[in-house]
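Here is what each chain is made of, one letter per residue.
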Amino acid sequence: MLAGVLLLIFLPPLVAKDLCKDSQDGFKVRLSIKTALGDEAYEWNESEMFLFRSTLAYAMRKQSNQDTYNITNILVCNDTQRVSFVFVVTSPNDPDQLIPKEQVERAVRQNKHRINNAFLLSDMTLEFMGIPPTLATPITYDTEPWLIVFGVVIGAVAVGIVALLMSTVSRKRRAKEKAAGLSEVDEGIVKENGTTLSSLGRKEGVYNQAFSNDDRFTEL
Amino acid sequence: MKLKLPNPGLEDRILSHDELERLEVEEAGDRPKWDNKAQYMLTCVGFCVGLGNVWRFPYLCQSHGGGAFMIPFLILLVFEGIPLLHLEFAIGQRLRKGSVGAWRTINPYMLGVGIASMCVSFLVSLYYNTIIAWVMWYFFNSFQEPLPWSQCPINANRTGLVSECERSSPVDYFWYRETLNTSAAIDETGGLQWWMILCLISAWGVLYVCCIRGIETTGKAVYVTSTLPYVVLTIFLIRGLTLKGSIDGIKFLFTPDLKELANPTTWLDAGAQVFYSFSLAFGGLISFSSYNSVHNNCEQDAVIISIINAFTSIYAATVIYSIIGFRATERFDDCLSGNILTLLNTFDLPEGIITQGNYQEAFHSLNRTSPDIISNLNLKTCDLNSFLSEGVEGTGLAFIVFTEAITKMPLSPLWSVLFFIMLFCLGLSSMFGNIEGVLVPLQDLKVFPKSWPKEVISGITCLVCCLVGLIFVQGSGNYWLALFDSFAGSIPLLIIAFSEMIGVVYVYGIDRFNEDLIFMIGHKPNIFWQATWRVISPLIMLAIFIFYFSTIVTKEIFYSAWDPESENFPTLEKKPYPSWIYVIIFLLAGVPSLSVPCTAVFRAIREYCCKKHPSAPVQEIDSESYKVHIQDEELKSQKSDQKFFT
């Protein structure tokens, strides 16, 4: 009688352990708390395990929309110092029946973000072996940032070119006006002295910069 | 022994000392001038200090025995770099013409040297500005967080990362695929890459704005482009020294290995580096110094610029290797952490039981207990020295290694922007000299009509260079650039420099040259200059040329290709060049080199033909100007007669 009672008490956990150890529907979990948190790392103990089981139960509840999942449905075994273990999920209706792997995987993937945050970990430090982390959506821009910078630079270059060309044109125009003005004055001298060219032959003449682009004597 | 080759008519071609003095006093002539000495010095420093100081010198230094490399470098700087620099400055200042004009003045048969300089400057400008376009692309892409080369993009199915990126690294992928979009071989053109065309246009546009009126505009631009690199290098040095592992990098760079001094390659590489780093034989330095006043102390300038160039090389090497030390340490840490994690996961050991410190003992004890499991793990060997000696130079250093280091620093966009602005300024200031070496000979050769303004000439030159430079923005552009770099910018320059020394010392005459220097700077150049100009530097040039020529002609030439289908991917694959490339190589290296003797031969033939058929006597022209000319000739002869009698 006593043996029967004892068996009844100890059977479920034994059976549970067998379910966990031998099953194909289990997932190995690995936590790297010290890597993630450094000095602020917390100790992994029974309470933390309790939290883990409850978050998984929560994930199963959300995924299946059944409020019947309880912490007793999450079985854990192969606990190591690394902080890694294996867990299986039993059906709330039948404790001996396991939830298939794909369903558990879906539940974990949908709620990975919540599970990570419960433990202050990330996809790299809370690993579910066999469940690849969902990739973050790539950032898409309406206009690529490099095109904006390119536009600014090209705009500045265009403004610079236009400004410099305009200043050259205005400089030339001013020089032309000066030259036109002076040549009128010069014509008077020619009429008085005959040829000015011989007087310009003297070294004492002042070199007039306004004519610096013209040759003194037209070459043959 | 003063050998002097016959040089008839030299007196008629050059301005005498009195005429130079008069030109100086009256400020006559329409030659442009520097606004002040600082502009001239900054322009020359900018031309000499270029990308090579940042990405070639540190590699050479580290691979040829670190601190010991300084010995051949400094010796050859003194015996090869400074004399050649002084020579170019002096002839530019004396003859007051660009490279073509100067050589035509010295001897019309030496016109080929000027033309060769122009060709080399043109070819180098083409590909050098493409490098600037690449720098601008990276600069444009630095204004985002996270930087695009810090992570692999996700593939089309959103199931994982792009395979090419996963097998190599995010920085490699960004460089080879998203920047260059390189094809697997040089014969596959791969088409023009539109984003690179935009960057090329912006690079040539910026250059055009700075060179639009010649030194009038470049003189203003160099205040920024020549000084900013030093500011950025200092900022990077301070940042680098605060990073972990930087001191290891600097120590690795400068640890001397005196055995390397016995290796002739060390000396030849040092000589080549000194030569190319000074941007000699491009013709740009001759042009720049021709805008100086005739009594400028070119001897002092040459020494100062050489010292600045050497200092910049060493300074840049320190900065680069502090950052490389940081990157190597990060990689080493990552490698070791990866191994530790694998061991912890396999043996389910608690975290923190294996650290970097006790990794070796832990590994050995585990290996003893379960060697078969360990061998299946494929643990990587992590060696800091091997990471440090991943000797990278050239574009690989700037666009792969350094960008990777930047992604590991906090505030990476800021460092990226600073780094690429520095590279941009270094490249642009060197381009000013290259373009000067193209534009001034074009003017001297009267290719364009004199009535065309300078703006139009520089605009057309920039446009033509931009269009030809489209070769380098196709898929295989990177391979073409490497080709141009190896052949257009190496052998011809050595030939030109050698011809320059022979031309000045033996054709122009070292006696006349010494007198010119006495006139210009007030004292005769001392025995050091005499010895180096006459004997030592030409011999060094000859030795380097023979070495280069023999290695190129004897070895099979390969290029390194990025081929995702090759077996050793991501290592670059060495492929032989197709046979038609040898024609291109001959054109690149041969045309400038052969123009030196061919122009002389061509001119000799023309002279010979002219002697055989003398031209008809000049007819009396019935024009006012001719009459006035005759009148003035008579006046002149009357005056000279008077002088005799008074």
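Residues numbered from 1 in each chain as written. Chains lettered and ligands numbered in written order. Predicted model: local features only at pLDDT ≥ 70, side-chain atom pairs only at ≥ 80, totals over all residues. Heavy atoms only, no water.

Identification of chain B as Transporter from Onychostoma macrolepis is taken from an unreviewed UniProt entry. Turning to chain B, the UniProt annotation filed under Sequence similarities (unreviewed entry) states: "Belongs to the sodium:neurotransmitter symporter (SNF) (TC 2.A.22) family." The annotation that UniProt attaches to chain B under Subcellular location (unreviewed entry) is "Membrane". (UniProt positions renumbered as here; feature names shortened; annotations may be inferred.)

Per an unreviewed UniProt entry, the recorded name for chain A is Collectrin-like domain-containing protein, and the organism is Onychostoma macrolepis. Recorded in UniProt for chain A, the comment headed Subcellular location (unreviewed entry) runs: "Cell membrane".

Student: I would appreciate a short explanation of helix H3 (residues 46-64) of chain A in the present structure.
Tutor: Every α-helical turn comprises 3.6 residues, leaving residues that sit three or four positions apart pointing alike. Residue and element names in this part refer to chain A. Taking 1.5 Å as the rise per residue, H3 with 19 residues should run 27 Å; its terminal C-alpha atoms sit 27 Å apart, in good agreement. Burial in H3 covers these residues: Glu48, Met49, Phe52, Thr55, Leu56, Ala57, Ala59, Met60, Gln63 and Ser64. With its phi angle positive at about 55 degrees, asparagine 65 sits one or two positions after the end of H3. (Helix = DSSP H or I, 4+ residues; strand = E, 2+ residues; numbered from the N terminus. Expected span 1.5 Å × (residues − 1). Buried < 20%, exposed > 50% of the residue type's maximum accessible area, 1.4 Å probe, protein only.)

Student: Which parts of the structure should I look at to understand the sheet that holds strand S1 (residues 27-31) of chain A?
Tutor: In any sheet, the strands associate via hydrogen bonds between backbone groups, in a parallel or an antiparallel arrangement. Residues and elements named next belong to chain A. In space, the four strands of this open sheet follow the order S2-S3-S1-S4, with antiparallel pairing throughout. Of all strands in the sheet, those with a lone pairing partner are strand S2 (74-77) and strand S4 (126-128), marking the two edges. Within the sheet, the average angular offset between the axes of one strand and its neighbour, ignoring direction, is 30 degrees. Bridge analysis of S1 against S4 gives three bridges, and the strand direction is antiparallel. Bridge pairing links valine 29 to phenylalanine 128 in S4. Packed on one face of the sheet, helix H4 (residues 101-118) meets S1, strand S3 (84-89) and S4 and runs near 170 degrees to S4. (Pairing = 2+ DSSP bridges. Axes fitted to C-alpha atoms, helices over the stretch in contact; angles between N-to-C directions. Contact = heavy atoms within 4.5 Å.)

Student: How should I be thinking about the side chain of B:Gln273 in this particular structure?
Tutor: All names here are of chain B. In this structure, glutamine 273 sits in helix H15 (residues 264-277). We classify glutamine 273 as buried; its relative accessible area is 6%. For glutamine 273, the residues in contact, after removing those within four places along its chain, are Gly52, Arg56, Phe57, Leu60 and Phe73.

Student: What is the right way to read the nonpolar core from this model?
Tutor: Here is a general trend for soluble globular proteins: nonpolar side chains tend to be buried in one another's company. B:Phe236, B:Leu423 and B:Phe513 are the most contacted members of the largest nonpolar core, which has 192 residues in total. It is helix H8 (residues 111-140) of chain B that contributes the most residues to this core, 19 residues altogether. Not counting residues within four places of it along the chain, the set of residues in contact with B:Phe513 comprises B:Leu87, B:Ala90, B:Ile91, B:Val504, B:Tyr508 and B:Trp533. Judged by nonpolar contacts, the second largest core, of 26 residues, contains A:Val29, A:Leu31, A:Ile33 and A:Leu121. (Core = buried A, V, L, I, M, F, W, Y, C linked by side-chain atoms within 4.5 Å.)

Student: What should I look at first to understand H15(B) in this one?
Tutor: All names here are of chain B. If you check H15, its first and last C-alpha atoms are 20 Å apart, about what 14 residues at 1.5 Å a residue would give, namely 20 Å. Of all 14 residues making up H15, ten are buried, and the element is well covered by its neighbours. Of all the positions in H15, only Thr266, Leu268, Asp269, Ala270, Gly271, Ala272, Gln273, Val274, Phe275 and Ser277 are classed as buried. Just beyond H15, the residue with positive phi is serine 279, at close to 50 degrees.

Student: Where do I start with the packing of aromatic side chains in this structure?
Tutor: Remark: the centre distance and the inter-plane angle together describe each pair of aromatic rings, the angle taken between the planes. Inspection of the entire model under this criterion finds 60 aromatic pairs over all chains. Consider the rings of A:Phe150 and B:Phe140, whose centres lie 5.8 Å apart with planes at 75 degrees: the pair is edge-to-face. Taken as a pair, A:Phe150 in helix H5 (residues 145-193) and B:Phe140 in helix H8 lie in two separate chains rather than in one. Given a relative accessible area of 11%, A:Phe150 falls into the buried group. Just above the ring of A:Phe27 sits the side chain of A:Lys101; from NZ or CZ to the centre is 5.1 Å. (Phe/Tyr/Trp six-rings, centres within 6.5 Å; stacked < 30°, edge-to-face > 60°. Lys NZ or Arg CZ within 6 Å of the ring centre and 35° of its normal.)

Student: Explanation requested: the interface of chain A and chain B in the structure shown.
Tutor: The figure often quoted for interface size is the accessible area lost as the parts come together. Each partner contributes residues to the interface: chain A has 38 residues there, and chain B has 41 residues. Both faces combined, the contact of chain A with chain B buries some 3500 Å², and carbon together with sulfur accounts for 66% of it. The interface formed by chain A and chain B holds two salt bridges in total. The partner of B:Glu216 in a salt bridge is A:Arg171, with the nearest N and O atoms 2.9 Å apart. Our count for the contact surface shared by chain A and chain B stands at eleven residue pairs in polar contact (both at pLDDT 80 or more). Secondary-structure elements contributing two or more residues to the side of chain A that touches chain B are S1, helix H2 (33-37), H5 and helix H6 (197-200) of chain A. (Buried area = accessible area lost by both parts, 1.4 Å probe. Salt bridge = Lys/Arg side-chain N within 4 Å of Asp/Glu carboxyl O. Polar contact = N/O pair within 3.5 Å; in protein donor to acceptor, adjacent residues only side chain to side chain.)

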